[in-house]
There are 2 protein chains.
Amino acid sequence: MITWLNHVAIAVPDLDAAATKYRSLGAEVSDPQELPEHGVIVVFVKLPNTKIELLHPLGEASPISGFLERNPGGGVHHLCFEVTEISEMAGKLSEIGARVLGDGSAKIGAHGKPVLFAHPKDFHGVLVEFEQT
Amino acid sequence: MITWLNHVAIAVPDLDAAATKYRSLGAEVSDPQELPEHGVIVVFVKLPNTKIELLHPLGEASPISGFLERNPGGGVHHLCFEVTEISEMAGKLSEIGARVLGDGSAKIGAHGKPVLFAHPKDFHGVLVEFEQT
């Protein structure tokens, strides 16, 4: 079951500018972290209850590049919900007819935990990540 | 300053279907609430750390109708951050060159508290609401 909103991921065309903006509004903002195996460079806006992940493409085959081509100004890329058991969630998604991206099985995500992504067309236009915690 | 992510608002073409989906994944989901003065009908997905607001148009002049025309399958409509002082935030936004929607002053929002909306073009493609708590 869904237990927590882990993060909101926002793809941004200019990571420094976006980080500076949130910092200037009083939020705690991390230094950029490169995640080459996921094709992104990330900055975390750390709020007491959740975090905003500002994403920018890293490398040639970044999963964020296509999104920024379609949305050059940026936009919300995905929401990530924590779940108790990823295989239980995979079963639930299948039960309600929501497609899982890729081969349907959980992968190790950007935070080193098992994740699944559900198809935006099956989640009212929102790419939804489920992460086992 | 920004202190908390109050909610993520998602505009959905079918409120019952979206509510049923989140309920089936184990989340606590409220009954629908009509907010005629804001032109929306809302369902809250209540997580321990924040909430997801599922929005659907209510009435002729709903602010959500245009969004759903552009995004018929739905999508993230806005993020709402809590702030300590709305007038201080208005000053900050002006200082960093982020436009405030409307006449630039705070209004009473859907939860009875003073709010401002910053222009998505000045927030990397995301409509951002600031709510004084």
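Residues numbered from 1 in each chain as written. Chains lettered and ligands numbered in written order. Predicted model: local features only at pLDDT ≥ 70, side-chain atom pairs only at ≥ 80, totals over all residues. Heavy atoms only, no water.

For chain A, an unreviewed UniProt entry supplies the name methylmalonyl-CoA epimerase and the organism Rhizobium altiplani. Turning to chain A, the UniProt annotation filed under Catalytic activity (unreviewed entry) states: "(R)-methylmalonyl-CoA = (S)-methylmalonyl-CoA". Among the UniProt annotations of chain A, the heading Sequence similarities (unreviewed entry) holds the following wording: "Belongs to the methylmalonyl-CoA epimerase family." (UniProt positions renumbered as here; feature names shortened; annotations may be inferred.)

Caption draft 1: Spatial organisation of the pairing of strand β4 (residues 40-46) of chain A. Residue and element names in this part refer to chain A. Of all seven residues in β4, six are buried, a share of seventy percent or more. Pairing of strand β2 (residues 28-29) with β4, which is carried by two bridges, proceeds in the antiparallel orientation. Opposite Val29, over in β4, you have Val45 as the bridge partner. A loop of four residues connects strand β3 (residues 33-35) with β4, the two strands running antiparallel in sequence, and Gly39 in this loop sits at a positive phi of about 70°. In terms of strand pairing, β4 meets strand β5 (residues 51-57) through seven bridges, oriented antiparallel. Residue Ile41 lies in a different strand from β5, and its bridge partner there is His56. Hairpin connection, β4 to β5: the antiparallel pair is bridged by four residues. (Buried < 20%, exposed > 50% of the residue type's maximum accessible area, 1.4 Å probe, protein only. Helix = DSSP H or I, 4+ residues; strand = E, 2+ residues; numbered from the N terminus. Pairing = 2+ DSSP bridges.)

Caption draft 2: Examining the interface of chain A and chain B more closely. Taken residue by residue, the interface counts 38 residues in chain A and 38 residues in chain B. Across the chain A/chain B interface, buried area totals approximately 3,200 Å², and carbon plus sulfur atoms make up 74% of it. At the surface where chain A touches chain B, the tally comes to zero salt bridges. Counting every contact that joins chain A to chain B gives eleven residue pairs in polar contact (both at pLDDT 80 or more). When contributions to the side of chain A that touches chain B are tallied by element, the ones reaching two or more residues are β1 (2-11), α1 (15-24), β5, β6 (75-83) and α3 (86-95) of chain A. The greatest single-element share of the side of chain A that touches chain B, amounting to seven residues, is contributed by β1 of chain A. Of the residues that constitute the side of chain A that touches chain B, the class distribution is 25 nonpolar, ten polar and three charged. (Contact = heavy atoms within 4.5 Å. Buried area = accessible area lost by both parts, 1.4 Å probe. Salt bridge = Lys/Arg side-chain N within 4 Å of Asp/Glu carboxyl O. Polar contact = N/O pair within 3.5 Å; in protein donor to acceptor, adjacent residues only side chain to side chain. Nonpolar A, V, L, I, M, F, W, Y, C, P; charged D, E, K, R; others polar.)

Caption draft 3: Examining the nonpolar core more closely. In this structure, Phe130 of chain A together with Phe130 of chain B are the most contacted members of the largest nonpolar core, which totals 66 residues. Not counting residues up to four positions away in its chain, the partners in contact with Phe130 of chain B are Leu25 of chain A together with Ile2, Phe81, Val83, Ile86, Met89, Leu93, Pro114, Val115, Leu116, Ala118 and Phe123 of chain B. (Core = buried A, V, L, I, M, F, W, Y, C linked by side-chain atoms within 4.5 Å.)

Caption draft 4: Examining the relation of the copies chain A and chain B more closely. With an RMSD of 0.0 Å, chain A superimposes on chain B once it is rotated by 180° and translated 0.0 Å along the axis. The operation mapping one copy onto its partner corresponds to a two-fold rotation axis. Looking at the rotation axis and the C-alpha trace of chain A, the residue lying nearest is Asn49 of chain A, at 2.8 Å. A shared interface surface links the copies, since 100% of the contact residues of chain A are contact residues in chain B too. (Least-squares fit on C-alpha atoms with pLDDT ≥ 70 in both.)

Caption draft 5: Layout of the side chain of Glu131 of chain B. Residue and element names in this part refer to chain B. In this fold, Glu131 is placed in strand β9 (residues 128-132). Among buried charged residues, Glu131 stands out as having no salt bridge; its nearest opposite-charge side chain is Lys113, 4.5 Å away. Polar contacts involving the side chain of Glu131 include one to the side chain of His111, which spans 3.0 Å. (Lys, Arg positive; Asp, Glu negative; His and termini not counted.)

Caption draft 6: Broad picture of the pattern of salt bridges. Residues and elements named next belong to chain A. One pass over the structure, following the stated rule, counts eight salt bridges over all chains. Among the ionic pairs, Asp122 bridges to Arg99, the shortest N-O distance being 2.8 Å. Of the two residues, Asp122 is situated in the loop between β8 (114-118) and β9 (128-132) and Arg99 in the loop between α3 and β7 (107-108); the sequence distance between them amounts to 23 residues. On the accessibility criterion, Asp122 (11% relative accessible area) is buried. Measuring nitrogen to oxygen at the nearest pair gives 2.8 Å for the salt bridge that ties Lys107 to Asp103. A residue is classified by how much of its surface remains accessible, and Lys107, at 43% relative accessible area, is partly exposed. By relative accessible area, which is 59% here, Asp103 ends up exposed.

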